[in-house]
Amino acid sequence: FKKPHAEKPDGCRTVFCGNLPFGIDEGALKEVMAPCGQVSNIRLATDRETGDMKGFGHVEFEDTMSTDKAVALSGTEVMGRPIWVDFAQERSREERGG
């Protein structure tokens, strides 16, 4: 991947994962991220109507140091696809619809 990683927000404990294989599930993604640190939550994006995986998601860790290790995995092949991992940016209330 050629695009630069985002600047890490203070206290960041969540990473964005893109270009995920459509066959991946939470267990498989947790296995990929386990060497980085304790995973506390995984959210895979799915289509609201079909339930199909959209190819991206977020992984939350127990501590902020784990995100540095996770971002270092960017470009790693998972199920035949190089994944993109970046620091998740805080979303404003407007973006969340609240």
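Preceding this paragraph is the structure being described.
Here, residues in each chain are numbered from 1, in the same order as that chain's written sequence. Selection of residues for local features in this predicted model requires a pLDDT of at least 70, selection of side-chain atom pairs for listing and counting requires 80 or more, and totals for whole chains, interfaces and linings are taken over all residues. With hydrogens and water excluded, all non-hydrogen atoms of the structure serve as input to the side-chain values.

*Asks:* Tell me about the pattern of salt bridges, and name the residues and values.
*Replies:* For this document, the term salt bridge refers to a Lys or Arg side-chain nitrogen within 4 Å of an Asp or Glu carboxyl oxygen. Summed over all chains, the structure comprises 2 salt bridges. The partner of K8 in a salt bridge is D68, and the shortest N-O contact between them spans 2.9 Å. Of this pair, K8 sits in the segment before β1 (14-18) while D68 is found in helix α2 (residues 65-71), placing the two residues 60 residues apart along the sequence. Burial classes: relative accessible area under 20% of the type maximum marks a residue as buried, over 50% as exposed, and values in between as partly exposed (1.4 Å probe, protein chains only). The exposure class assigned to D68 is partly exposed, which follows from its relative accessible area of 35%. In this structure, the salt-bridge partner of E60 is R13, at a minimum N-O distance of 3.0 Å. A run of DSSP states H or I qualifies as a helix once it reaches four residues; a run of E qualifies as a strand once it reaches two. Both are numbered from the N-terminal end.

*Asks:* Explain the nonpolar core to me, using residue names and the numbers behind them.
*Replies:* The criterion is simple. A nonpolar core is a set of buried Ala, Val, Leu, Ile, Met, Phe, Trp, Tyr and Cys residues joined through side-chain atoms within 4.5 Å. By size, the foremost hydrophobic cluster in this structure holds 19 residues, and its most contacted members are V15, M33, V59, F61 and V85. Among the elements that take part in this core, strand β3 (residues 53-61) stands out by supplying 3 residues, more than any other. In what follows, a contact means two residues having at least one pair of non-hydrogen atoms within 4.5 Å. Apart from the residues within four sequence positions on either side, F61 is in contact with R13, V15, M33, C36, G37, Q38, V39, S40, S66, T67 and A70.

*Asks:* Please give an account of the pairing of strand β6 (residues 84-87) that cites residues and values.
*Replies:* Burial along β6 is two-sided: W84 and D86 and V85 and F87, pointing in opposite directions, are all buried. Here the rule is simple: two strands pair whenever DSSP picks up at least two bridges between them. In the sheet, β1 pairs with β6 via 4 bridges, with the strands oriented antiparallel. Across the sheet, the residue bridging to C17 is V85, located in β6.

*Asks:* Tell me about the sheet that holds β6, and name the residues and values.
*Replies:* With antiparallel pairing, the 4 strands of this open sheet are ordered in space as β2-β3-β1-β6. The strands lining the two open edges of the sheet, one partner per strand, are β2 (39-46) and β6. Adjacent strand axes in the sheet meet at a mean angle of 20°, parallel and antiparallel pairs treated alike. Sheet topology places β2 next to β3; 6 bridges connect them, and they run antiparallel. Bridge pairing links I42 to V59 in β3. To obtain each axis, a line is fitted to C-alpha atoms, and for helices this fit is confined to the stretch in contact; angles are then taken between N-to-C directions over 0 to 180 degrees. Packing against the sheet, helix α1 (residues 26-33) makes contact with β1, β2, β3 and β6, and its axis sits at approximately 130° to β2.

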